[in-house]
Amino acid sequence: MKINLTRMIPFLDKEELSLLVEKIKASETHEYEGIKLHSIVPFLEEEEVNKLFLEEFDKGGSYVSLAPFVGDELWPEIAKKFTAGETTNNIVPLFPFMDEVTLKDLYIKAEAGQIEGLDVIKFLPFISDEEVDRVFLERVKTQKEYKAFLPFVSADCLHQFAEAFCQGDAEIDIDVIYPFMTPEDIKKIFKHVIENQKD
Amino acid sequence: MLDFYTIGNKIRDLRVANQYNQDQIAEKLFVSRQAVSRWELGQTLPSVDNLIELSRIFRISFEEILCMNEPVVFEETNIFAGHDRNFIVKKIIEGDIQVDLAAVFYQFSNAERLVVLKAIKSGKMKSSWTHLWVKLTPEEQKYLKNEVIG
């Protein structure tokens with residue numbers, strides 16, 4: 001009778017898991033008995049996962065599937081490798097799993113143009129609202145492209161634009177911004193424009 | 001946020017009901033026919049001035065064109081059908097649309113799933129994740145686990 005090793009994984013001890021990892025790593029197909037690294041990582045110690053992740057990252061292997069199980073202490077090192085140009089790996093799929101501080105640091109550097117080929121828009125779903133708003137406001141002020149930020153900007157931040165527009169700020173491109181505002185702000189803007197057309 | 005796709009359908013329905021073609025609407029508003037087409041396809045929305053003008057042409061309020069007082073109607077089997085995907089995701093996160101998240105979560109793209117999970121994780125979305133838990137991939141469970149379970 002053939003044993004289904006995949007089903008056995010949760011019951012393997014530390015040494016057996018390490019042996020399995022070594023067999024997968026030694027395999028040309030990156031699997032052993034149908035088991036790939038990402039199937040084992042939930043059962044490994046964080047330290048072991050970090051080591052595996054780094055190995056896979058450095059050789060451009062299947063590091064993404066290991067990312068959710070990586071300890072936060074590893075992310076600054078990964079970010080450093082990327083910003084130093086030591087790797088051309090795609091780090092965007094790692095964003096959801098990165099710790100807040102590392103992600104914010106990368107986001108600030110990407111916005112400042114210090115990281116080549118990393119689009120700041122890719123950060124938006126995962127960065128804090130405060131940071132999205134801050135960079136959005138900065139981009140509006142400096143007339144840098146900001147449209148892609150709009151679905152992620154907070155209602156409170158956009159409310160400032162509704163208020164300013166109704167107080168006569170003609171610099172605001174309200175046609176671009178209004179679709180992303182709250183119903184209350186949208187109504188306020190339209191009523192303001194209609195009233196002004198009557199005058 | 002407005003539902004570009006629903007508004008596009010509304011503009012098209014109003015235009016057809018009022019027996020105009022796209023060229024005629026474009027001419028009245030001094031825009032290109034392509035601009036009207038993009039509105040109807042839900043790719044863009046008319047400017048504030050053009051939308052007010054449309055409300056005059058169709059003799060209805062801007063709120064009606066923007067579908068602002070209409071409840072969001074969706075099918076459980078495809079919650080995104082007939083809507084802007086970003087709009088639906090945002091409404092679910094804000095609690096304006098009540099859905100059984102666990103039952104419809106498979107309809108979200110990988111990126112949308114993470115956006116929803118981020119909202120749950122940050123406390124922005126008030127949702128019971130316990131039913132959702134079994135529908136998550138091990139990666140997603142791990143993503144939520146540190147914050148939610150502790």
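Structural notes, computed from the coordinates.

What counts as what
Residues numbered from 1 in each chain as written. Chains lettered and ligands numbered in written order. Predicted model: local features only at pLDDT ≥ 70, side-chain atom pairs only at ≥ 80, totals over all residues. Heavy atoms only, no water. Helix = DSSP H or I, 4+ residues; strand = E, 2+ residues; numbered from the N terminus. Rg over C-alpha atoms; globule rule 2.2 N^0.38 Å. Buried < 20%, exposed > 50% of the residue type's maximum accessible area, 1.4 Å probe, protein only. Lys, Arg positive; Asp, Glu negative; His and termini not counted. Charge placed at Lys NZ, Arg CZ, Asp CG, Glu CD. Polar contact = N/O pair within 3.5 Å; in protein donor to acceptor, adjacent residues only side chain to side chain. Phe/Tyr/Trp six-rings, centres within 6.5 Å; stacked < 30°, edge-to-face > 60°. Contact = heavy atoms within 4.5 Å. Salt bridge = Lys/Arg side-chain N within 4 Å of Asp/Glu carboxyl O. Nonpolar A, V, L, I, M, F, W, Y, C, P; charged D, E, K, R; others polar. Patch = residues over 30% accessible without salt bridge, like charges linked within 9 Å, V, L, I, M, F, W, Y side chains within 5 Å. Areas by Shrake-Rupley, 256 points an atom, 1.4 Å probe, with all protein chains shown as cover. Disulfide = S-S within 2.5 Å. Core = buried A, V, L, I, M, F, W, Y, C linked by side-chain atoms within 4.5 Å. Domains from an automatic or database assignment.

Counting its regular elements, chain A contains ten helices and zero strands. Counting helices and strands in the order they occur from the N terminus, chain A gives α-α-α-α-α-α-α-α-α-α. For 199 residues, the compact-globule estimate of 2.2 N^0.38 gives 16 Å, and the C-alpha radius of gyration of chain A, at 24 Å, exceeds that figure by more than 25%. Dimensions of chain A along its principal axes, counting C-alpha atoms only, are 85 × 40 × 25 Å. By residue count, 43% of the 199 residues in chain A fall in the buried class. When the 22 basic and 40 acidic side-chain charges of chain A are each reduced to a single mean position, those positions are 3 Å apart.

With that out of the way, let us pick up the side chain of A:Thr87. Checked against the element boundaries, A:Thr87 lands in the loop between helix 5 (75–83) and helix 6 (100–111). Polar contacts involving the side chain of A:Thr87 include one to the main-chain amide nitrogen of A:Asn89, which spans 2.9 Å.

Note on aromatic pairs: each is described by the distance of the centres and the angle between the planes. All names here are of chain A. Tallied over the entire structure, the rule returns 13 aromatic pairs over all chains. Between Phe 136 and Tyr 146, the ring centres sit 5.6 Å apart and the planes meet at 85°, which makes this aromatic pair edge-to-face. Within this pair, whereas Phe 136 is found in helix 7 (residues 129–141), its partner Tyr 146 is found in the loop between helix 7 and helix 8 (155–166), the two being separated by ten residues in sequence. Relative accessible area serves as the criterion here: at 14%, Tyr 146 is assigned to the buried category.

Facing the 25 residues of chain B at the interface are 29 residues of chain A. Inspection of the chain B/chain A interface yields one salt bridge. One salt bridge connects A:Asp129 with B:Lys124, and the closest N-O pair in it is separated by 3.3 Å. Those elements giving two or more residues to the side of chain B that touches chain A turn out to be helix 4 (48–58), helix 5 (62–65), helix 8 (110–122) and helix 9 (138–148) of chain B. Of all the elements, helix 4 of chain B adds the most residues to the side of chain B that touches chain A, at five residues. When grouped by side-chain class, the residues that make up the side of chain B that touches chain A number 15 nonpolar, two polar and eight charged.

We now examine the side chain of B:Thr6. Residues and elements named next belong to chain B. As for its position among the elements, Thr 6 is in helix 1 (residues 4–17). Within the structure, the side chain of Thr 6 is placed 3.3 Å from the backbone oxygen of Gly 82, a separation counted as a polar contact. Excluding residues within four positions of it along the chain, Thr 6 makes contact with Cys 67, Gly 82 and His 83.

Let us look at a negative patch on the surface. Residue and element names in this part refer to chain A. On the surface, a cluster of negative charge is contributed by Glu 45, Glu 46, Glu 47, Asp 72 and Glu 73. Relative to the elements of secondary structure, Glu 45 occurs in the loop between helix 3 (37–40) and helix 4 (46–58). On the basis of relative accessible area, Glu 45 is assigned to the exposed category, the value being 51%.

Here, the word disulfide means a covalent bond between the sulfur atoms of two cysteines. Under the defined criterion, the tally for this structure stands at zero disulfides over all chains. The thiol of A:Cys157 is unpaired, and the distance to the nearest cysteine sulfur, on A:Cys166, comes to 16 Å.

We now examine the nonpolar core. Ranked by size, the top nonpolar core spans 113 residues in total, and within it A:Phe53, A:Leu94, A:Tyr178, B:Leu66 and B:Phe108 carry the most contacts. A domain-level breakdown of this core finds at least three residues from each of domain 1 (4–65) and domain 2 (99–149) of chain B. Not counting the four nearest positions on each side in its chain, B:Phe108 is found in contact with B:Ile79, B:Phe80, B:Arg85, B:Val89, B:Ile92, B:Leu101, B:Arg113 and B:Val116.

Next up on the list: the pattern of salt bridges. All names here are of chain A. Applying the stated rule across the entire model yields 18 salt bridges over all chains. Between Lys 25 and Glu 55 there is a salt bridge, with its nearest N and O atoms 3.0 Å apart. With Lys 25 in helix 2 (residues 14–26) and Glu 55 in helix 4, this pair connects stretches of sequence that are 30 residues apart. Given the relative accessible area of 28%, Lys 25 is considered partly exposed. A salt bridge links Glu 131 to Lys 104; the shortest N-O distance between them is 3.7 Å. With Glu 131 in helix 7 and Lys 104 in helix 6, this pair connects stretches of sequence that are 27 residues apart. Given a relative accessible area of 8%, Glu 131 falls into the buried group. Salt bridges linked by common partners bring Glu 22, Lys 25 and Glu 55 together as one network.

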